[in-house]
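A structural walkthrough
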Amino acid sequence: MMKGKNIVITGANRGMGKRLTETFAQNGANVWACARKKNDEFEAWLKKLADLTGTWTKPVYFDMADDEEIKQAAKGILAEKEKISVLINNAGITYNALFQMSSAEMNRQVMQINYFGPYLFTQYISKAMSRQRYGSIINIASAAALDGNPGRSVYGASKAALICMTKTIAEELGQYGVRANAVAPGMIESEMLNQSMTEKNIEETLKRSIMKRLCKPEEVINPVLFLASDDSSYVTGQVIRVDGGAF
């Protein structure tokens, strides 16, 4: 499905990002797998994945909280002179606290990593896509950006900003053949979910879901794969909710 395409995936060393990296390689794509810190275990996994799939998978290290590291990482990718087919902005952090209990420090940190960092990185990568007059940008947002769930004012705001960016760059870059879309998952079965939300929070959220269960990782990956592929060549500026029918 993605044979011969070159993909940039951020937050690729764990969770959803790792699953995305694996899925795209299995579908024939080459991957720049971005992570925050150098990790020998991660690099060994990438090499094994490349050997199994006949693709290349390259680690790229930078911190979404450091503008200079973002710039140098983007320059390193662009210096390889490979056509960049897809950028998936997956890296992010979560944060839960009632509005009155949310600190300014955490607000800034979450906005930096979930929005400002991806914004800057996308500026660099999208310039190359515009020159080649082809590309798909996929931002991993959240249903929290659309629903205003209690305790999610900071996290939801960061993802809402990402959605606004998605719609805007779809308008601005469409003339150059570059598409931009977002996927907005509900609660995903993951280690991060268990670390960030209490059982009570999870139960209350599931009560507002038509399907009454957590989202499986592959149920997010499949829409991302669709948006990255040429099957979605006339889809841009969209937000695809994958949340089990929240109400």
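As a reminder, the structure under discussion sits directly above these lines.
Residues numbered from 1 in each chain as written. Predicted model: local features only at pLDDT ≥ 70, side-chain atom pairs only at ≥ 80, totals over all residues. Heavy atoms only, no water.

**A word on the sheet that holds strand 6 (residues 178–185)**
Pairing within the open sheet is parallel, and its seven strands lie in the order 3-2-1-4-5-6-7. Edge positions in the open sheet fall to strand 3 (57–61) and strand 7 (239–242), since each of these has one partner strand only. If you compare each strand with its neighbour and ignore which way they point, the axes differ by 20° on average. Taken together, the three bridges between strand 1 (residues 6–9) and strand 4 (residues 86–89) define a ladder with parallel strand orientation. Residue pairing for strand 4: Ile7 is matched across the bridge by Val86. Here helix 1 (residues 15–26) sits on the sheet and contacts strand 1, strand 2 (30–35) and strand 4; the angle it forms with strand 1, its principal contact strand, is near 175°. The strands touched by helix 2 (residues 40–53) are strand 2 and strand 3; relative to strand 3, the strand with the most contacts, the crossing angle is about 155°. (Pairing = 2+ DSSP bridges. Helix = DSSP H or I, 4+ residues; strand = E, 2+ residues; numbered from the N terminus. Axes fitted to C-alpha atoms, helices over the stretch in contact; angles between N-to-C directions. Contact = heavy atoms within 4.5 Å.)

**Comments concerning the pairing of strand 4**
Residues Val86 and Ile88 line one face of strand 4 and the alternating positions Leu87 and Asn89 line the opposite face, and both faces are buried. Taken together, the four bridges between strand 4 and strand 5 (residues 135–140) define a ladder with parallel strand orientation. Among the inter-strand pairings, Ile88 is bridged to a residue of strand 5, identified as Ile138. One crossover worth recording links strand 4 to the parallel strand 5 by way of helix 4 (residues 104–132), and it is right-handed. (Buried < 20%, exposed > 50% of the residue type's maximum accessible area, 1.4 Å probe, protein only. Right-handed = clockwise from strand over helix to strand, strands pointing away.)

**Describing the packing of aromatic side chains**
Under the criterion given, the structure shown has five aromatic pairs. Relative to Tyr119, the ring of Tyr115 has its centre 5.5 Å away and its plane inclined at 70°; by these criteria the two rings are edge-to-face. Placement of the pair is Tyr115 and Tyr119 together in helix 4, with a separation of four residues, close to one helical turn. The buried category is assigned to Tyr115, whose relative accessible area is 15%. Judged by relative accessible area, which is 36%, Tyr119 ranks as partly exposed. Grouping aromatic residues by their ring pairs yields a cluster made of Tyr115, Phe116 and Tyr119. Lying over the aromatic face of Trp45, Lys18 brings its terminal NZ or CZ to 4.9 Å of the ring centre. Note that Lys58 overlies the ring of Trp56, its terminal NZ or CZ placed 4.3 Å from the centroid. (Phe/Tyr/Trp six-rings, centres within 6.5 Å; stacked < 30°, edge-to-face > 60°. Lys NZ or Arg CZ within 6 Å of the ring centre and 35° of its normal.)

**Digging into unusual backbone geometry**
With a phi angle near 60°, Lys81 is a residue other than glycine that sits in the positive phi range. Mapped onto the secondary structure, Lys81 falls in the loop between helix 3 (67–79) and strand 4.

**Describing the pattern of salt bridges**
Scanning the entire structure with this criterion turns up eight salt bridges. When the shortest N-O distance is used, the salt bridge between Lys38 and Glu43 registers 2.9 Å. Judged by its relative accessible area of 25%, Glu43 is partly exposed. Within this structure, Asp147, Arg241 and Asp243 form a network of salt bridges that share partners. (Salt bridge = Lys/Arg side-chain N within 4 Å of Asp/Glu carboxyl O.)

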